[in-house]
Amino acid sequence: MDLELVTYVLAIVLGAVCWALVKHTADEYDRWYEQPRFAGLAMRVPAAAVSVVVVIGAFLLLR
């Protein structure tokens with residue numbers, strides 16, 4: 001086999017292993033740390049909205 005082909009296959013395998021580990025970790029986090037009793041009461045603000053407010057605030061302060 002060509003060295004480039006071996007490297008490509010190993011990169012694909014490594015990427016798949018990393019993806020599986022991240023997925024497993026996220027599933028475990030959700031299973032252990034979610035709070036179903038208060039899920040309806042919590043109001044979540046999207047990260048994009050918070051980022052826009054921070055950027056506008058920084059612009060107005062530094063202007």
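This structure is a prediction, so every number in the text was calculated from the model and none was measured.

Draft legend 1. Seen up close, the overall build of the chain. Secondary structure summary: the chain contains two helices and zero strands in total. For the chain, the proportion of its 63 residues judged to be buried stands at 0%. Of the roughly 6400 Å² that the chain leaves accessible, carbon and sulfur atoms contribute 72%.

Draft legend 2. Region of interest: a nonpolar patch on the surface. On the surface, a nonpolar cluster with roughly 650 Å² of combined accessible area is contributed by Leu 5, Tyr 8, Val 9, Ile 12, Val 13, Val 17 and Leu 21. Note on placement: Leu 21 falls in helix α1 (residues 3-33). Owing to a relative accessible area of 53%, Leu 21 belongs among the exposed residues under this scheme.

Draft legend 3. A look at helix α2 (residues 47-62). Here α2 is 16 residues long and its end C-alpha atoms lie 22 Å apart, about the 22 Å a rise of 1.5 Å per residue gives. With zero of its 16 residues buried, α2 lies for the most part at the surface.

Conventions we followed
Residues numbered from 1 in each chain as written. Predicted model: local features only at pLDDT ≥ 70, side-chain atom pairs only at ≥ 80, totals over all residues. Heavy atoms only, no water. Helix = DSSP H or I, 4+ residues; strand = E, 2+ residues; numbered from the N terminus. Buried < 20%, exposed > 50% of the residue type's maximum accessible area, 1.4 Å probe, protein only. Areas by Shrake-Rupley, 256 points an atom, 1.4 Å probe, with all protein chains shown as cover. Patch = residues over 30% accessible without salt bridge, like charges linked within 9 Å, V, L, I, M, F, W, Y side chains within 5 Å. Salt bridge = Lys/Arg side-chain N within 4 Å of Asp/Glu carboxyl O. Expected span 1.5 Å × (residues − 1).

Keep in mind these values describe shape, not function.
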